[in-house]
Amino acid sequence: MSTHPDQESLCAHADGAVPEPARAALEAHLAECPPCRRALAELKSVSKLVAGLPRAELPVGFLARLERR
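Not measured: the values here are computed from a predicted model.

A. The overall build of the chain, seen in detail. Counting its secondary structure elements, the chain contains four helices and zero strands. Each helix and strand of the chain, placed in order from N terminus to C terminus, yields the pattern α-α-α-α. Against the globule reference of 11 Å for 69 residues, the chain gives a C-alpha radius of gyration of 17 Å, more extended than a compact globule. Taking all 69 residues of the chain together, the buried fraction comes to 17%. Counting only contacts in the chain whose residues sit at least 6 apart along the sequence, the fraction spanning at least 24 positions is 54%. For the chain, the computed accessible surface area is about 5,600 Å², with 59% contributed by carbon and sulfur atoms. Taken together, the 9 basic and 9 acidic charged side chains of the chain have centroids lying 8 Å from each other.

Below is the structure:
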């Protein structure tokens, strides 16, 4: 990977959702790029925080009202 990965690719990697061979190319880039490693570490930290939040229940009919708007 000669250029820096986009935010979407880093987010997918943080979630373990990058398929081969893209994962291998991304990991090779990360091995050589401290700024991208730092960005990935930050994304993983945020993912852990979000995963620990309680799930909110939507009020009855909320999605239907949202779709109408």
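B. Representation of the environment of Arg 23 in the model. With respect to the helices and strands, Arg 23 occurs in helix H2 (residues 22–32). Since its relative accessible area comes to 33%, Arg 23 is described here as partly exposed. Between the alpha carbons of Arg 23 and Ser 47 there is a distance of 19 Å; along the sequence they are 24 residues apart. Once you skip the residues sitting within four places of it in the chain, Arg 23 turns out to touch His 13 and Val 18.

Criteria and thresholds
Residues numbered from 1 in each chain as written. Predicted model: local features only at pLDDT ≥ 70, side-chain atom pairs only at ≥ 80, totals over all residues. Heavy atoms only, no water. Helix = DSSP H or I, 4+ residues; strand = E, 2+ residues; numbered from the N terminus. Rg over C-alpha atoms; globule rule 2.2 N^0.38 Å. Buried < 20%, exposed > 50% of the residue type's maximum accessible area, 1.4 Å probe, protein only. Contact = heavy atoms within 4.5 Å. Areas by Shrake-Rupley, 256 points an atom, 1.4 Å probe, with all protein chains shown as cover. Lys, Arg positive; Asp, Glu negative; His and termini not counted. Charge placed at Lys NZ, Arg CZ, Asp CG, Glu CD.

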